[in-house]
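# Fold and geometry: a report
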Amino acid sequence: MWFSILIGMLASYLLGNLNGAVCMSALHHDDVRSHGSGNAGLTNFIRNYGVGQAIYVILIDAGKAALACLLTGLLLAPYGLYTEGTALGGLAVMLGHVFPALLGFKGGKGILSGLFIALVVDWRIAVIILIVFAAAYLLTQYVSLGSVLAATAFAVSFVLLHLDNLTVALSGAAMGMLAVFMHRGNIVRLIKGEERKTNLFGKGKKS
C-alpha cells in the first residue's frame, strides 16, 4: 500500500508541474511570470494575455488536477481507500502546482487546481467554493478576496463534511490553508486598501 501511495503522490506532484499559464504564455515566446504579479496563475494570465486563450489554461490545470486525483485513487482502490487516494493525489498535485521543481519552484496559488480537485474528491465542496468565490468577486471585483474566501471555505468544508475520514479531512484542510498562505501578499494589500481589482473579461496586454 505504501508503495502505491508513494508512486501516486510522486506522479501527482510531477503532473502539478505542468502549469497551464506557463505553457500557454510559452506559445507567445514569453513567460507569464515575468509580467504583472509574477504569478503563474489564471488571473495573471488573463491580465496579460486576455481571456481568449484562458480556456486552454483552465483545461490544462483542470486536466492535471483531475488526472492526479483519479490516478492515486485508482492505485489505492484495491485497499478500499479510493477517496483517500483522490485526496492525497489532490494534495500532491497542488504542491506540484504551487512549488513546481521543474519550474524553479515558482508556480501558481492553487485556486483553479483546488476547484477541480474538489470536483473529483467531493463535488459538494466544489459547488460551495464556486458560490463563495462568485459572490465575493461579483460584489467586490477582487479576485484575491474571492480566492481567499473560497480557499477558506475549501478547508472548512473538507473538515466538516469528512469528519469521519481523517486522511481526507486533513488533506483538504492542508490544501485550503496552503492556498490561503499563497495569498498572504494579497491579504496585506486588501487590508491596506492597495489591492488591484480585476476584470476577468478584459482583453489583456500581450498579443
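Everything below is about the structure shown above.
Attention here is on the structure that accompanies the text.

Here is what the cut-offs are and how they apply
- Residues numbered from 1 in each chain as written.
- Predicted model: local features only at pLDDT ≥ 70, side-chain atom pairs only at ≥ 80, totals over all residues.
- Heavy atoms only, no water.
- Helix = DSSP H or I, 4+ residues; strand = E, 2+ residues; numbered from the N terminus.
- Rg over C-alpha atoms; globule rule 2.2 N^0.38 Å.
- Buried < 20%, exposed > 50% of the residue type's maximum accessible area, 1.4 Å probe, protein only.
- Areas by Shrake-Rupley, 256 points an atom, 1.4 Å probe, with all protein chains shown as cover.
- Contact = heavy atoms within 4.5 Å.
- 1 Å grid on protein atoms, 1.4 Å probe; cavity = no way out; pocket = protein on both sides within 12 Å on 5 of 7 lines; lining within 4 Å.
- Points joined across faces, edges and corners; volume = space filled by probe spheres on them.
- Nonpolar A, V, L, I, M, F, W, Y, C, P; charged D, E, K, R; others polar.
- Phe/Tyr/Trp six-rings, centres within 6.5 Å; stacked < 30°, edge-to-face > 60°.
- Lys NZ or Arg CZ within 6 Å of the ring centre and 35° of its normal.
- Salt bridge = Lys/Arg side-chain N within 4 Å of Asp/Glu carboxyl O.

## Quick notes on the overall build of the chain
Of the regular secondary structure elements, the chain holds 10 helices and zero strands. Along the chain direction, N to C, the helices and strands of the chain fall in the order α-α-α-α-α-α-α-α-α-α. For a compact globule of 207 residues, the expected C-alpha radius of gyration is about 17 Å, and the chain comes in at 17 Å, within 12% of that figure. Each of the three principal axes of the chain carries a C-alpha extent, and together these read 50 × 35 × 25 Å. When burial is assessed residue by residue, the chain has 50% of its 207 residues classed as buried. Approximately 9900 Å² of the chain is accessible, and the part contributed by carbon and sulfur atoms is 71%.

## Here's the deal with the environment of threonine 43
Summarising the element assignment, threonine 43 is placed in helix H3 (residues 42-49). Sequence separation between threonine 43 and leucine 170 is 127 residues; the distance between their C-alpha atoms is 28 Å. Non-local contacts of threonine 43, meaning those with residues more than four positions away in its chain, are made with Val143 and Thr198.

## Examining the layout of surface pockets
In this structure, the largest pocket occupies an estimated 870 Å³ of space. Lining the largest pocket are 42 residues; nearest its centre among them are Thr43, Ile111, Phe133, Val143 and Ser147. Elements represented by at least two residues in the lining of the largest pocket include exactly H3, helix H4 (54-76), helix H5 (82-98), helix H6 (111-121), helix H7 (123-140), helix H8 (143-161), helix H9 (166-182) and helix H10 (184-192). Across the lining of the largest pocket, the residue classes tally to 23 nonpolar, 13 polar and six charged.

## Notes on the packing of aromatic side chains
Going through the model one piece at a time under the given rule, you end up with three aromatic pairs. Consider the rings of phenylalanine 133 and tyrosine 137, whose centres lie 6.1 Å apart with planes at 5°: the pair is stacked. Taken together, the residues span about one helical turn, with phenylalanine 133 and tyrosine 137 both in helix H7 at a distance of four residues. Across the pair, tyrosine 137 and phenylalanine 133 agree in class, each one buried. When the centroid spacing of 4.8 Å and the interplanar angle of 45° are considered together, the rings of phenylalanine 154 and phenylalanine 158 count as tilted. Taken together, the residues phenylalanine 154 and phenylalanine 158, both in helix H8 and four residues apart, mark about one turn of the helix. Each of the two residues, phenylalanine 154 as well as phenylalanine 158, counts as buried. When the ring centre of phenylalanine 181 is taken as origin, the NZ or CZ atom of arginine 184, which lies over that ring, is 4.1 Å away. Taking the ring centre of tyrosine 142 as reference, the NZ or CZ of lysine 197 above it sits at 5.4 Å.

## A look at the environment of alanine 150
Mapped onto the fold, alanine 150 is located in helix H8. For alanine 150, a relative accessible area of 7% corresponds to the buried category. For the pair formed by alanine 150 and leucine 130, sequence separation is 20 residues and the distance between their alpha carbons is 7.2 Å. Apart from the residues within four sequence positions on either side, alanine 150 is in contact with Ile129, Val132 and Phe133.

## Here we look at the pattern of salt bridges
Pairing between side chains of opposite charge can happen when their charged atoms approach one another. The final tally for this structure, using the stated rule, is four salt bridges. Between lysine 64 and aspartate 61 there is a salt bridge whose closest N-O contact spans 3.3 Å. Within this pair, lysine 64 and its partner aspartate 61 are both found in helix H4, separated by three residues, close to a single helical turn. Owing to a relative accessible area of 2%, lysine 64 belongs among the buried residues under this scheme. Residue aspartate 61 is classed as buried on the basis of its relative accessible area of 3%.

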